[in-house]
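# Close look at the chain arrangement
The residues making up each chain are set out below.
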Amino acid sequence: MSLLSFRKTKDATETSINPELEAFLQDYSIEVMPRTAEKVENFRDLLPAGTRVYIAHIEGTPIDDMVATAKRLSADGYKVMPHFPARIIKDEATLTDWIARYQGDAGVEQALLLAGGVAQPHGDYHSSMQLLESGQFDKAGFKHLHVAGHPEGNRDIDKDGTDALVMEALHWKQRFNETTDAQMALATQFAFEAKPIIAWADAIKDAGVTLPIHIGIAGPAKLQTMIKFAIACGVGPSLKVLQKRAKDVSKLLLPFEPLDVLTELAAHKAANPDFNITNVHFFPLGGIKTNANWAIANGGASAVPASQS
């Protein structure tokens, strides 16, 4: 079934798709965890063929479960990008083993490298820069290496509320990208307000950090769920968007959708084609199916879901 005919079968009362938003959502990515992936009977009913799917590695998740999820998604035709959280990787032997297993069992050739959410490192690594310096990903021939971005800062890194250390790390990663064969991008924390995101993206570009940005967006979820995750993940000033909505009792029980922030970002991208946000990355806080269906309804499909193509 073609994309056009697929859309014609959708409910006739559905509003037309915003062409700027549709363009902005092309080649979006989404994040899963092994335990949430298990609940999805068939990803091909939900995600466009070739979608990049990040696999979040939460502390305590066995590497066997991570690799099994990667193998399943890869077999279904998706580009798999597992997390490598530095602080839960014990040593170089563990890192080498993980890379080999992902590559050998699931054909993985890309990774998101990040410090990780634990306070104390479990072993030799504490930052994504150490993982990059190890040379293990280059040796294995990984083609894409993404690292974290923080549109609203990161108080775990810059405890004084500035962005000094975060910017120092971004410049280091920019130099690494320029002096190696790595194809890097920034995958960011989610935020809820477009103007601060645009200002941050412009500011790091002006400072010489030209890595493409895959902007983190929280997928549709109950407002209470969204607020809980936002606080837990350290979302900054844009949290006020949720807090303001929470004061409206009539909206308290309704799902919060990312339509406003994405529409504004899409309009900015359409007016400024060289804008350094190149992709959208969804955190499916309200569930993978809910997020995937919302993306399809708003034009976010490189193609129709794989089973309908």
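Our subject is the structure listed above.
This text gives an overview of the structure that appears in the document. (Residues numbered from 1 in each chain as written. Predicted model: local features only at pLDDT ≥ 70, side-chain atom pairs only at ≥ 80, totals over all residues. Heavy atoms only, no water.)

### Details of unusual backbone geometry
Glycine aside, residues mostly have negative phi, and peptide bonds are mostly found in the trans state. A positive phi angle, close to 60°, is found at Asp-27, a residue other than glycine. By the element assignment, Asp-27 lies in the loop between α2 (19-25) and β1 (29-32). (Helix = DSSP H or I, 4+ residues; strand = E, 2+ residues; numbered from the N terminus.)

### Considering helix α9 (residues 194-206)
The end-to-end C-alpha distance of α9 is 18 Å, a good match for the 18 Å that 13 residues give at a rise of 1.5 Å each. Taken together, the buried positions of α9 are Ala-194, Ile-197, Ile-198, Trp-200, Ala-201 and Ile-204. Projection of α9 onto a plane perpendicular to its axis shows the buried side chains occupying an angular sector of 165°, all on one side. In α9, the exposed positions that point more than 90 degrees away from the buried face belong to Lys-195 and Asp-206. At its buried positions, α9 is contacted by β5 (144-149), α8 (164-179), β6 (183-190), β7 (213-218), α12 (259-271) and β10 (277-283). Where α9 ends, the next residue or the one after it, Gly-208, has phi of about 100°, a positive value. (Expected span 1.5 Å × (residues − 1). Buried < 20%, exposed > 50% of the residue type's maximum accessible area, 1.4 Å probe, protein only. Arc of directions from axis to C-beta. Contact = heavy atoms within 4.5 Å.)

### Focus on α8
With 16 residues, α8 should cover 22 Å at 1.5 Å per step; its first-to-last C-alpha distance of 23 Å lies within 8% of that length. Buried residues of α8: Val-166, Met-167, Ala-169, Leu-170, Lys-173, Gln-174, Phe-176 and Asn-177, and no others.

### Re the nonpolar core
Counting residues in hydrophobic clusters, the biggest one holds 71 residues, and the most contacted among them are Phe-84, Phe-137, Leu-262, Leu-265 and Phe-282. Beyond its immediate stretch of four places on either side in the chain, Phe-84 contacts Ile-89, Leu-95, Trp-98, Ile-99, Tyr-102, Ala-111, Leu-112, Leu-113, Leu-114, Leu-131 and Phe-137. Among the nonpolar cores identified, the runner-up in size contains 9 residues, and Ala-218, Met-226, Phe-256 and Leu-285 belong to it. (Core = buried A, V, L, I, M, F, W, Y, C linked by side-chain atoms within 4.5 Å.)

### Observations regarding the side chain of Ser-128
If you trace the backbone, Ser-128 turns up in helix α6 (residues 128-133). One polar contact links Ser-128 to Lys-173, side chain to side chain, over a distance of 3.4 Å. Residues within four places of Ser-128 in sequence aside, it is in contact with Ala-86, Leu-113, Leu-114, Ala-115, Val-147 and Lys-173. (Polar contact = N/O pair within 3.5 Å; in protein donor to acceptor, adjacent residues only side chain to side chain.)

### Looking at the packing of aromatic side chains
With the rule as written, the count across this model stands at 10 aromatic pairs. Between Phe-190 and Phe-192, the ring centres sit 5.7 Å apart and the planes meet at 70°, which makes this aromatic pair edge-to-face. In this pair, the class of Phe-190 matches that of Phe-192, namely buried. In textbook terms, an aromatic cluster arises when at least three aromatic residues are bridged by ring pairs, as seen for Phe-84, Trp-98, Tyr-102, Phe-137 and Phe-142. (Phe/Tyr/Trp six-rings, centres within 6.5 Å; stacked < 30°, edge-to-face > 60°.)

That is the geometry; function is a separate question.
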